[in-house]
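# Commentary on secondary and tertiary structure
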Amino acid sequence: LFLASSSNKYAVSHSLFVCSQQKELMSKKRDEFEDILEERRLSSDLRYAMKCYTPVIYKGLSPCKPNAIKSAVLQSEQVQYVIKQLAKEMGESPDIIQEEATEILDEMGHSMQLGAVRFFAFTLSKIFKQLFQRVCVNEEGMQRLQHAIQEHPVVLLPSHRSYVDFLMLSYLLYTYDLALPVIAAGIDFLGMKIVGELLRRAGAFFMRRSFGGNRLYWAVFAEYVKTMLRSGYAPIEFFLEGTRSRTAKTLTPKFGLLSIVMEPFFKREVFDTYLVPISISYERILEESLYAYELLGVPKPKESTSGLLKARRILSDNFGTIHIYVGQPVSLRTLASGRINRCPYNLVPRHLPQKPSEDIQEFVSDVAYKMELLQIENMVLSPWVLVAAVLLQNLPAMDFELLIEKTLWLKGLTQTFGGFIEWPDNLCAKKAVVSGLTLHSNIARLVDGHVVLNDKGVEDGAVGEIVFKRALAILMCATYRNQLLNVFVRPSLVAVALQMTRSFRKEEVYSCFSFLRDVFSDEFIFFPGISLKDFEEGCFLLTKCDAIQTSQQEIYPTDKGSVIVSFLSTMFRPFVEGYQLIFRYLSKETKEVFTEKQFIPGVRNFVFQLLEKGNTQCYEALSSDMQKNALAALVQLGYNHGKLSWQLMALSYSLMPLFRKLIG
Amino acid sequence: MKWNGWGYNDSKFIFNKKGQAEFTGKRYRLGGMVLPTFKEWIEKTFGASLEHKTTSRASLNVNDVPPSIVNEEFLQDLRATKISYSQDAEDRVFRAHGHCLHEIFVLREGMFKRIPDIVVWPVCHEDVVKIVELACKHNLCIIPFGGGTSVSSALECPEEEKRTIVSLDTSQMLAESGFCTGHEPDSMEFSSLGGWVATRASGMKKNIYGNIEDLVIHIKMVTPRGIVEKNCQVPRMSTGPDIHHFIMGSEGTLGVVTEVTIKIRPVPEYQKYGSVVFPNFERGVACLREVAKQRCAPASIRLVDNAQFQFGIDIIQGFLSLQFKGFDPNILCVATLLFEGDREKVLQHEKQVYDIATKFGGLAAGEDNGQRGYMLTFVIAYLRDLGLDYYVIGESFETSVPWDRVLDLCRNVKERIVRECKEKGVQFAPLSTCRVTQTYDAGACVYFYFAFNYRGISDPIHVYEQIEVMYVRTVVKGEGAKLMSHNILGKLRKRWMKESISDVGLGMLRSVKEYVDPNNIFGNKNLL
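Residues numbered from 1 in each chain as written. Chains lettered and ligands numbered in written order. Predicted model: local features only at pLDDT ≥ 70, side-chain atom pairs only at ≥ 80, totals over all residues. Heavy atoms only, no water.

This is how it is decided: UniProt positions are given in the numbering used here, feature names are shortened, and annotations may be inferred rather than shown by experiment.
If you look chain B up in an unreviewed UniProt entry, it shows as Alkylglycerone-phosphate synthase from Strix occidentalis caurina. According to its UniProt record, chain B has this under Cofactor (unreviewed entry): "FAD". Of chain B, the UniProt comment under Subcellular location (unreviewed entry) reads exactly: "Peroxisome".

As annotated in an unreviewed UniProt entry, chain A carries the name Dihydroxyacetone phosphate acyltransferase and is attributed to Strix occidentalis caurina. Looking at chain A in UniProt, the text filed under Subcellular location (unreviewed entry) is "Peroxisome membrane".

The structure is reproduced here in structure tokens:
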């Protein structure tokens, strides 16, 4: 089925092959980093917090108070229209609904105050110095941002790995005398006493987790965001991923907020809008163990102030270096030129809510993926990421010297693939590995010249407990390897496809690649609809590191390439195996309708039992992230093939042989 | 009339011996007035310098003019009709162009590739009928000519036209009426009634008198197929779509308008100018919108942005000598007003408008300022000729736009012009300014003025045209605005027609053309 349908596509666009990938990948030049904590360690934090702060702002800004924004939103034609509509439909007085809208606004709105900002500047200086060795920023990026902020409304799109992200970003903008952003935060923060209000004063505004059905909420929220954007009140910051990635792997983007911030441009209320991808990489993630527990089904603790206070013991721990790379601001106008016909917006008064056309939706989705790919491109990879990737392929124990050798080898490969490794020139491999091990001593340690995972207490517990502890250690370690995956995914899926098809015919390899790309579409970030281009890129990278040779019709692994090909496919094996297990579970599922809440514990138990019996070694299949992604991919595939979602079981069953072939 | 610029020969801007600007002639109120700060303004705004002067040819070089090729049989027939005609080079060149920037540029520096071969001056309807018949008989191309004030290349002869081109000049057909039509386009002194009809013209005082489509009662047009007219002069008909609407805006592609019956009004007893200063453009637009909503717009109400206000100050010193408390002179903007009617009503009306203005933070700024503002309208076309002497080229664009988009449109277009100039290598930031010039129930009409110093650019017209295309694209595609609310499409912007009115809409117009003029006698290639 899959092979047949995609081979046609391949034939059609074959001529595109071997096109301009090279240039794109070779010309990546990145900025230098500066450590902003260095200055903090030398001078007074208090003076820093009280410094004269006259930020660079948008040139067209007419300054206004947070409350003025709220009343402008409330009085706007957009919100008033929805209020009147709802009043008519519900037979209520508009005043009551207006009241409701006011409450929503009060719950949502930020109330940025310089005092709170200074408070944060002071306390965060103290905390960051305690937690991190260095906070490195590309200063050129900050300069570009400074220009952008003056020119057009700016939307900051950072990656999301930790709560530290938005604190750090505001801290950074304060340090560089740039306008502080207003930040879309989850409403759950408001559950935290004092802290919630403090964040509000530092510029956070709060959105409910889901409000699709609530028209009033949607109208008020959208108008609130757009009003701030249009007036250039402050840069708007939100996370495309929607939530913190528990796996350190970029999550597939959410489109809602992005389409809201793009709308003023579509309606020509602003001349242009800058989208700024920002990559924040942590050498060690603050929440790493919390995430691992969560993925294994131990629920995440609710945000609470007391929880925060308890967490302060982490202050004595060391979390290494943070790298923040502020990417090139991307002009929405440039992205849209020649692509978006804004005429449909001409025929409707602008205050009427208008569902975006399919074209627009597709465009928003493309932009979202593009921004995430830009984030990924500039994520800094620490040596430890390489160590983790090597280690996971050599469990339970690996010879220390071999680990060093392999790490160094992987460093070269990663750089060939365009990965951004922060590895000082004079740092020898041994030191790099040792320092990684020291920083992550909770994950792995050196015992008798061998590196082993730190799954303490494994020997003496019950079987179940051993599996759980081991799973924890592996998931934590995987969090670091995962940072490599989006850089490696294209060549690796070619490698996997090569092994799977056992054929050299390019067409067949491509079909298989394309199938894998579809299956893993929620697991890794692929720009929509360019399967062939991704395949070409994968092949190109493999050729570049001499792993394969290609001709018009065929792909051959080279003799020395087998090491690379096998490393790459092993790297993705947990996903291939994990998906197989999940599909196996699904194909046995007898219920016609089930919810995600039922599915996750079910599949978890299923995998857990297999692990206990020793029938599989795929600990990563326990990750709820993978389980959800596999289900989502299956739903999508089922949808693509015109099947109803309750026939997923049948579909997953039909996929099994393919996957079995993969594992060989 | 000038052969290579706007208007009368005796009226123009010059720099006198002291290096001060002066407007010559006695036709305008500005005539003979010295404008001491004007030089400074032109230097400050464009980085232009009086030392760097371009040289236009002093007179037309007859040898450059393409020869007149007219079939002798046609000439014989034409002579028989006793209609006066000319094959003289100057007469032909004068009717080969309108007043687009690039046309004037060609006049100053080069020559048109194709111009009319012969000019004819019919004096009555019957003359026109005869000429059209002859054209059909000899297969000639007719291009009707009114006042020659077109700004859309409508009068340019299609280069590929192989037939003899007859320029049919109707300007002498306009008799002195002595009545008031109330229709006052900015080009009023020079344009013609037939031209107004054929171009769907708009007038400054349309708030009282209406645009041409509201004024016209009856039209007679000579077409190759015959004469088209209604059989009555009633105020309204419901006999299918109004055929007048095929004629108005047909831009000389269907025939020649020979007779127009138009509403006339008594000359207004009383006229009063006025002006209001607003703290910013936003408030000004909001006020105009409210005025439109209450349907109490005076004969004319216009809002100029800050750049144009500055220009007003600099060009005519004393304009707005008042100090406005709390208004930032770099943000404020001015509305100019013109009331017409009987005295009592005017005063009443005036109060109503000023009351609304007060609600939007406006302050009355006196009659003089208002009157000067309107005076500028009539001389601004002369200003371009002066600019051309000093490497400054400029043009105006106009558009109409729904109320909710006025502000965004103004900001975006101005920004786009500045940006585009920068990208195209224009060294000095351009003048990019706008004026909300008409109010309607559903929106407003906006004029943009744009000028830049082209020293250092090898092909300024090309740069200008790129910016123009950009402008049109911005407007048509994005802003929800419409091109040409008041001006016509001509050839300059006809490629946007399809997007504006859809394929079927275009097809409807084409089928009318095919029926009325199957051999394309009226071959100026406008519109379609």
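### Observations concerning the overall build of chain B
Stated precisely, the cut-off is as follows: A run of H or I in DSSP becomes a helix once it reaches four residues, and a run of E becomes a strand once it reaches two; helices and strands are each numbered from the N terminus. We call two residues in contact whenever any of their non-hydrogen atoms come within 4.5 Å of each other. Each accessible area is a Shrake-Rupley result for a 1.4 Å probe, and residues are judged covered by the shown protein chains and nothing else.
Within chain B, the regular secondary structure consists of 16 helices and 18 strands. In chain B, the share of contacts with a sequence separation of at least 24, taken over all contacts with a separation of at least 6, comes to 77%. Working note: accessible area of chain B is about 22,600 Å², and carbon and sulfur atoms make up 51% of it.

### Some details on the UniProt feature "domain: Phospholipid/glycerol acyltransferase" (unreviewed entry) in chain A
UniProt feature "domain: Phospholipid/glycerol acyltransferase" (unreviewed entry): in the numbering of this structure it lies at residues 154-283 of chain A. Helix and strand shares over residues 154-283 of chain A are 35% and 19% respectively, and the end C-alpha atoms of the span are 28 Å apart.

### What about the packing of aromatic side chains?
The following threshold applies: Stacked, edge-to-face and tilted labels apply to pairs of Phe, Tyr and Trp rings (six-membered ring for Trp) whose centres lie within 6.5 Å, assigned for plane angles under 30 degrees, over 60, and everything in between, in that order. For every residue, the accessible area (1.4 Å probe, protein chains only) is compared with the maximum for its type, and the residue is labelled buried under 20%, exposed over 50%, or partly exposed between those bounds. As a reminder, the over-ring test applies to NZ of lysine and CZ of arginine, requiring each to be within 6 Å of the ring centre and within 35 degrees of the ring normal.
Inspection of every chain in the model, using the stated rule, returns 42 aromatic pairs over all chains. On the basis of an interplanar angle of 35 degrees and a centroid distance of 5.9 Å, the ring pair of F397(B) and F450(B) is categorised as tilted. With F397(B) in strand β15 (residues 392-402) and F450(B) in strand β17 (residues 443-453), the pair connects residues that are 53 residues apart, well separated along the chain. Each of the two residues, F397(B) as well as F450(B), counts as buried. Through successive ring pairs, a cluster of aromatic residues spans Y48(A), Y53(A), F128(A), F132(A), Y171(A) and Y174(A). The ring of Y447(B) carries the charged tip of R435(B) above its face, separated from the ring centre by 5.0 Å.

### Observations concerning the pattern of salt bridges
For clarity, the cut-off: Salt bridge, as used here, is a side-chain nitrogen of Lys or Arg placed within 4 Å of a carboxyl oxygen of Asp or Glu.
What the rule picks out here adds up to 56 salt bridges over all chains. Its salt-bridge partner being D45(A), residue K126(A) comes within 3.1 Å of it at the nearest N-O pair. With K126(A) in helix α8 (residues 114-131) and D45(A) in helix α4 (residues 45-49), the pair connects residues that are 81 residues apart, well separated along the chain. Measuring nitrogen to oxygen at the nearest pair gives 2.8 Å for the salt bridge that ties K525(B) to E160(B). Of this pair, K525(B) sits in the segment after α16 (497-516) while E160(B) sits in the loop between β6 (141-145) and β7 (165-169); the two residues are 365 residues apart in sequence, bridging distant segments of the chain. Relative accessible area serves as the criterion here: at 35%, K525(B) is assigned to the partly exposed category.

### Topic: the state of the cysteines
Rule in force here: Here, two cysteine sulfur atoms that lie within 2.5 Å of each other are counted as a disulfide.
Inspection of the entire model under this criterion finds 0 disulfides over all chains. C157(B) carries a free sulfur, and the closest cysteine sulfur to it, the one in C141(B), is 7.4 Å from it.

### Structural notes on the environment of V348(A)
With respect to the element layout, V348(A) can be found in the loop between α16 (332-336) and α17 (358-377). A sequence separation of 193 residues divides V348(A) from L541(A), and the C-alpha atoms of the two residues are 48 Å apart. When near neighbours in sequence (up to four residues on either side) are disregarded, V348(A) contacts Q354(A) and R405(B).

### Things to note about the confidence of the model for chain B
Here is the rule: As a per-residue measure, pLDDT tells how confident the predictor is, with possible values from 0 to 100.
Averaged over every residue, the pLDDT of chain B is 82; residues scoring 70 or more account for 87%. Confidence over residues 483-488 of chain B falls short of pLDDT 50; this stretch has 30 contacts with residues more than four positions distant or in other chains.

### With respect to the environment of A442(B)
Residue and element names in this part refer to chain B. Structurally, A442 is set in the loop between β16 (431-439) and β17. With relative accessibility at 61%, the residue A442 sits in the exposed group. When the C-alpha atoms of A442 and P402 are compared, they prove to be 5.7 Å apart, with 40 residues separating the residues in sequence. Residues in contact with A442, not counting those within four places in the same chain, are V401, P402 and W403.

### Details of the sheet that holds strand β10 (residues 256-262) of chain B
All names here are of chain B. The condition that has to hold: The pairing criterion for strands is at least two bridges between them, as found by DSSP. Axis definition: a line fitted to C-alpha atoms, over the contacting stretch in the case of helices. Angles run 0 to 180 degrees between N-to-C directions.
One open sheet holds the 3 strands; their spatial order is β9-β8-β10, and the pairing between them is antiparallel. Edge positions in the sheet fall to β9 (226-228) and β10, since each has one partner strand and no second. Strand-to-strand twist in this sheet, taken as the mean axis angle between neighbours without regard to direction, amounts to 10 degrees. Relative to β9, strand β8 (residues 216-223) runs antiparallel, the two sharing 3 bridges. Of the residues in β9, the one forming a bridge with V222 is I227. Running over the sheet, helix α5 (residues 125-138) touches β8, β9 and β10 and is turned about 35 degrees from β8.

### Concerning the sheet that holds strand β13 (residues 444-447) of chain A
Paired through backbone hydrogen bonds, the strands of a sheet run either parallel or antiparallel to each other. All names here are of chain A. Read across the sheet, 3 strands follow the order β11-β14-β13 without closing on themselves; strand pairing throughout is antiparallel. Because the sheet does not close on itself, it has two edges, and the strands there are β11 (397-399) and β13. Here the strands of the sheet are splayed against their neighbours by 30 degrees on average, with no regard to which way each runs. The pairing of β11 with strand β14 (residues 450-453) spans 3 bridges and is antiparallel. Following the sheet pairing, D399 is matched in β14 by H450. Helix α19 (residues 400-416) contacts β11, β13 and β14 of the sheet and is inclined by roughly 80 degrees relative to β11.

### Notes on a negative patch on the surface
Residue and element names in this part refer to chain A. The line we're drawing: Patch members must show over 30% relative accessible area and no salt bridge, and they are joined within 9 Å when carrying like charges or within 5 Å when they are nonpolar side chains of Val, Leu, Ile, Met, Phe, Trp or Tyr. Charge counting treats Lys and Arg as positive and Asp and Glu as negative, with His and both chain ends excluded. Every charge is mapped onto a representative atom, which is NZ of Lys, CZ of Arg, CG of Asp or CD of Glu.
Together, E32, E34, E38, E39, E139 and E140 make up a negatively charged patch on the protein surface. Elements with a contribution of two residues or more to the negative patch: α3 (36-42) and α9 (139-151). As for its placement among the helices and strands, E32 is situated in the loop between α2 (21-26) and β1 (33-35). The exposure class assigned to E32 is exposed, which follows from its relative accessible area of 62%.

### Here we look at the confidence of the model for chain A
Of all residues in chain A, 88% have pLDDT values of 70 or greater, and the mean over the chain is 86. Contacts for the low-pLDDT stretch residues 1-27 of chain A, under 50 throughout, to residues beyond four places or in other chains number 35 contacts.

### Topic: the nonpolar core
Worth spelling out the cut-off: Side-chain atoms within 4.5 Å link the members of a nonpolar core, which is a set of buried Ala, Val, Leu, Ile, Met, Phe, Trp, Tyr and Cys residues.
F132(A), I324(A) and F488(A) are the most contacted members of the largest nonpolar core, which totals 156 residues. A total of 22 residues in this core trace back to one element, the largest contributor, which is helix α21 (residues 463-501) of chain A. Setting aside its immediate chain neighbours within four residues, I324(A) contacts F33(A), V135(A), C136(A), V137(A), N138(A), M168(A), L169(A), L172(A), I278(A), S279(A) and I280(A). Counting residues in each nonpolar core, the second largest holds 61 residues, with I356(B), V413(B), I457(B) and I461(B) among its members.

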